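Survey of secondary and tertiary structure
Listed below, chain by chain, are the residues.
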Amino acid sequence: MATIQVRNRLRRSEPVVGASLRLDSQSLSLPITATTNDHGAATLATMSLANSTYTLRITPRETDAGPVGPATARNATTDRIFRSLSIDLTLSGGAIVTATVQPGNAANGTVTVASGQLLDVALQPVWMRSPNQRARGLEINGILIHHTGGPTIGGALEEFLREGGTSAHYVVDTDGQTVKMVQDSQRASHAGIARWNEDSNVNSRTIGIEIVNLTGPYPSVQIDAVMALLTRLRTAFPSIVPWNVIGHSDVATDDSGKLGRKSSDPGSRFEWVRVEALGLGMSASTGPIDSTMYGGFFVNFASESLRQNDNDAGRVFGGLIRPVVSGNPIHDLQTDLRTIGYTLGVVDGGFGPKTRAAVEMFQEHFFAAGRGHKDPDGRVDRQTARLIKAVVLAKVTSQAVV
Amino acid sequence: MRRRSVTVLTAVLFGMAALWLVRQPATSRAPSSGAASPSTPSPAPPEPVAPSSPVAAVAELVLAALQQRNMTALAMHVHPVKGLRFSPYIYVDPQRSVVLTAAELPRALNDPATRRWGTEDGSGDPIVQSFANYYARFVYDRDFRNATQRRVNEFGSRSTTRPNIREVYPDATVVEAHVPGTKPESEGMDWSSLLLVFEQYQSRWYLVALVHDQWTI
């Protein structure tokens, strides 16, 4: 007898119950079958089998072979969906000698020979229902990208499975494997208090993608998986406005409407250029930018920065009273940031903490992955100013305005 | 600048004292009873505080009071003017978080009235709870008194939530008690921290905020 123990690959303590096992080979007149019990275990009568190679096919009660995306678990009534797995087994004297996942099945699970009589199989989940969801009430119009701030997927899954915790629709692991946890039609708990384009219904409006990443660059296989998921989502939901594919740090505010509650989310190593290459997310126009922007401040003071406490009323720009600057550059700056979608409260011509936070979050987004010349600091130097103008131009000239 | 320098120097000295205190066995300070629970022993009488006590020593007394759910003892350490702010997350919202005075604390655990303490991370729902429920979830949800990790003024971000304590309390000294995650399946992300924010007032350290930190989305 051989016992086959079948578990959730990403939650090893969780058995896969009701999975069908089918052991087959050319030497068998009939396949040997079994079903995993409530502990995820099943036994196969192997003692009388010839020394040979066999195929063990494990089919969970609910399975899906397609890419994880909008079609996954669309009408699911169960809490789990796993990949099916095919394993090559070698038996000798009825004992398991070797077990290997068949070619093309590597993403579907793992297998380990614990002993001659015990095989440990872990199936890749594609759907693990989070209890933290509710009806949207509004049409989807965007996608919010997060990173976990943790090195492995387990902690995020546990948090999303905890009643009363947070959740995201999708979690993308470092190896590119993706788990869906909330159906797209439902509202997940991922944005918290947030605002984008003057809309505070960010949770109701967006799909949340959580990427497993503590710090440092994202592996290319993981970024590739995120891009493929974004493409599938955009195809499935035409109501998604490309401009509204943004990061958590772009939208997370406190109760007063000040941005910056979340920073580095998805952080300075996230490759927004890859998102932009899909025609999604904010982008910058390559068209000409008027050098006299913001009252000509940068024409006169090329190496200076607009900063906190500057204000139009007092003609304070770059920390000093500068009568040569014309117009209302802080008002213009605030209007531009708001046009892009950022939240900063009242457009009043005063560069306060909310404006500074909006600038910082803008820099965090557009200076990520080596695009910027400095760390986000909330100061508008000439490069930041040109970039803000270029992004405004891209939004205004695109058809993708909310 | 001079004031900041003095604060930093003080913090360094007191940080060393805190590390010393961490290494002392818990049994030499007080019996351990774990995180706050209904079985927590009856509150002990408040321990007196010498005006010259270093912040690390005051932090120990605060943690003891919190562990014992002794709000009368805790009240002795609350800033007489600023009161005590409660923040459920490490991003402190100075406009919307709850501030209680020392006089309000002794009866707080028995007060069934609910307050809005902030906003849930993730869902964005308001955190509306009684003091006792808030206390169990966002103040003493772990045995912070016996936390194996203490840090003084080194409260870097442990998740995606940005710490802004220095913006709200630029001259404060912050003692963090950190309890690492324990559940194997959570792979370390079920950690929890309690940050005690102190300010000096009339040459004595007073508690101005209790800031909770945990992993959130």
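Predicted model only: the values in this text are computed from it and were never measured.

Quick word on helix α3 (residues 220-236) of chain A
When the terminal C-alpha atoms of α3 of chain A are compared, their 24 Å separation across 17 residues agrees well with the 24 Å that a helix rising 1.5 Å per residue should span. Buried within α3 of chain A we find Gln222, Ile223, Ala225, Val226, Met227, Leu229, Leu230 and Leu233 of chain A.

Let's talk about the confidence of the model for chain B
All names here are of chain B. Averaged over all residues, the pLDDT of chain B is 82; the fraction at 70 or higher stands at 76%. The model gives residues 1-43 a pLDDT under 50, and that stretch makes 61 contacts with residues more than four places away or in other chains. Here the predicted complex scores 0.90 on pTM and 0.89 on ipTM.

Considerations on the nonpolar core
In this structure, Leu306, Leu337, Ile340, Tyr342, Phe362, Val380 and Ile388 of chain A are the most contacted members of the largest nonpolar core, which totals 42 residues. Taken together, the elements giving at least two residues each to this core come down to α6 (293-300), α7 (329-340), α8 (353-366) and α9 (382-397) of chain A. Residue assignment places this core across two domains, with domain 2 (130-277) and domain 3 (294-401) of chain A each supplying three or more. Non-local contacts of Ile340 of chain A, meaning those with residues more than four positions away in its chain, are made with Trp196, Asn197, Trp243, Met282, Phe362, Ile388, Val391, Val392 and Lys395 of chain A. One finds Ile127, Tyr134, Phe138 and Leu210 of chain B within the second-largest nonpolar core, a separate group that totals 40 residues.

Thoughts on the interface of chain A and chain B
In this assembly, 37 residues from chain A lie in contact with 25 residues from chain B. A combined buried area of about 2,400 Å² lies between chain A and chain B, and 48% of that area is made up of carbon and sulfur atoms. Considering only the surface of chain A that becomes buried against chain B, Asp255, Arg261 and Lys262 of chain A emerge as the three largest contributors, covering 23% of it. In this structure, the connection of chain A to chain B is made through five salt bridges. Across the salt bridge formed by Lys258 of chain A and Glu167 of chain B, the nearest N and O atoms sit 3.7 Å from each other. The tally of links from chain A across to chain B stands at 23 residue pairs in polar contact (both at pLDDT 80 or more). Among the elements that line the side of chain A that touches chain B, the one with the most residues is helix α1 (residues 153-161) of chain A, at seven residues.

Observations regarding the sheet that holds strand β2 (residues 98-100) of chain B
Residue and element names in this part refer to chain B. Ordered by their spatial adjacency, six strands build an open sheet running β2-β1-β8-β7-β6-β5, and the pairing between neighbours is mixed. Both outer strands of the open sheet, β2 and β5 (149-152), are each paired with one neighbouring strand and no more. Sheet twist, expressed as the mean angle between neighbouring strand axes with direction ignored, is 20°. Bridge count for strand β1 (residues 84-87) against strand β8 (residues 204-214) is three bridges, and the pairing is parallel. Following the sheet pairing, Phe86 is matched in β8 by Leu210. Its contacts with the sheet put helix α2 (residues 55-67) on β5, β6 (173-179), β7 (192-201) and β8, and the angle it makes with β7 is roughly 125°. In the packing of helix α4 (residues 131-139) onto the sheet, the strands contacted are β1, β2, β7 and β8, and the crossing angle to β8 comes to about 75°.

A look at the packing of aromatic side chains
All names here are of chain B. All told, the structure shown has 18 aromatic pairs over all chains when counted by the stated rule. Each ring, one from Tyr140 and one from Phe144, has its centre 5.7 Å from the other, and the planes form 80°; the classification is edge-to-face. For the residue pair Tyr140 and Phe144, the accessibility class agrees, reading buried in each case. Taking 6.2 Å as the distance between ring centres and 65° as the angle between the ring planes, the aromatic pair formed by Tyr201 and Tyr206 counts as edge-to-face. For Tyr201, a relative accessible area of 27% puts it in the partly exposed group. On the accessibility criterion, Tyr206 (12% relative accessible area) is buried.

Here we look at α8 of chain A
Owing to its 3.6 residues per turn, the α-helix aligns residues three or four sequence positions apart on the same side. Residues and elements named next belong to chain A. The end-to-end C-alpha separation of α8 is 20 Å, in line with the 20 Å expected for 14 residues at 1.5 Å each. Most of α8 is tucked away, with 11 of its 14 residues classed as buried. Thr355, Ala357, Ala358, Val359, Glu360, Met361, Phe362, Gln363, Glu364, His365 and Phe366 are the residues of α8 that are buried.

Topic: the packing of α7 of chain A against α8 of chain A
Residues and elements named next belong to chain A. In contact at an axis separation of 11 Å, α7 and α8 are set at 50° when each is read in the N-to-C sense. The angle between the axes of α7 and α8 places the two elements in the oblique class. When you trace α7 past α8, the crossing you get is left-handed. Where α7 approaches α8, its residues Leu333, Gln334, Leu337 and Ile340 are matched on the opposing element by Thr355, Ala358, Val359 and Phe362.

A short note on the sheet that holds strand β6 (residues 52-59) of chain A
All names here are of chain A. With antiparallel pairing, five strands are arranged side by side in an open sheet as β4-β3-β6-β8-β9. Unpaired on one side and paired on the other, β4 (32-35) and β9 (95-101) mark the two borders of the sheet. Taken pair by pair, the neighbouring strands of this sheet meet at an average axis angle of 25°, ignoring direction. The pairing of β6 with strand β8 (residues 85-92) spans seven bridges and is classified as antiparallel. Pairing of Thr53 across the sheet is with Thr90, part of β8.

Description of the pattern of salt bridges
Any two side chains of opposite charge can pair, given that their charged atoms come close. Residues and elements named next belong to chain A. Throughout the structure, instances matching the rule amount to 32 salt bridges over all chains. Measuring nitrogen to oxygen at the nearest pair gives 2.7 Å for the salt bridge that ties Arg11 to Glu158. With Arg11 in strand β2 (residues 11-15) and Glu158 in helix α1, this residue pair connects regions lying 147 residues apart in the sequence. Judged by relative accessible area, which is 22%, Arg11 ranks as partly exposed.

Considerations on the environment of Leu278 of chain A
All names here are of chain A. Of note, Leu278 is situated in the loop between α5 (272-277) and α6. Sequence spacing of Leu278 and Thr231 is 47 residues, and the spatial spacing of their C-alpha atoms is 7.5 Å. Setting aside residues up to four positions removed in sequence, Leu278 forms contacts with Met227, Leu230 and Thr231.

Observations regarding the environment of Tyr140 of chain B
All names here are of chain B. Among the structural elements, Tyr140 can be located in the loop between α4 and β5. Residue Tyr140 is classed as buried on the basis of its relative accessible area of 0%. Within the local environment of Tyr140, its side chain forms a polar contact with the backbone nitrogen of Phe144, the two atoms lying 3.2 Å apart.

Examining unusual backbone geometry
Along the chain, Asp265 of chain A connects to Pro266 of chain A via a cis peptide bond; the corresponding omega equals 15°. With respect to the helices and strands, Pro266 of chain A occurs in the loop between α4 (248-251) and α5. We note that Glu187 of chain B has phi near 50°; this positive angle belongs to a residue other than glycine. Tracing the backbone shows Glu187 of chain B in the loop between β6 and β7.

How each quantity is defined
- Residues numbered from 1 in each chain as written.
- Chains lettered and ligands numbered in written order.
- Predicted model: local features only at pLDDT ≥ 70, side-chain atom pairs only at ≥ 80, totals over all residues.
- Heavy atoms only, no water.
- Helix = DSSP H or I, 4+ residues; strand = E, 2+ residues; numbered from the N terminus.
- Expected span 1.5 Å × (residues − 1).
- Buried < 20%, exposed > 50% of the residue type's maximum accessible area, 1.4 Å probe, protein only.
- pLDDT = per-residue confidence, 0-100.
- Contact = heavy atoms within 4.5 Å.
- Core = buried A, V, L, I, M, F, W, Y, C linked by side-chain atoms within 4.5 Å.
- Domains from an automatic or database assignment.
- Buried area = accessible area lost by both parts, 1.4 Å probe.
- Salt bridge = Lys/Arg side-chain N within 4 Å of Asp/Glu carboxyl O.
- Polar contact = N/O pair within 3.5 Å; in protein donor to acceptor, adjacent residues only side chain to side chain.
- Pairing = 2+ DSSP bridges.
- Axes fitted to C-alpha atoms, helices over the stretch in contact; angles between N-to-C directions.
- Phe/Tyr/Trp six-rings, centres within 6.5 Å; stacked < 30°, edge-to-face > 60°.
- Parallel < 35°, antiparallel > 145°, perpendicular 65-115°, else oblique.
- Left-handed = near helix turned anticlockwise from the far one by under 90°.

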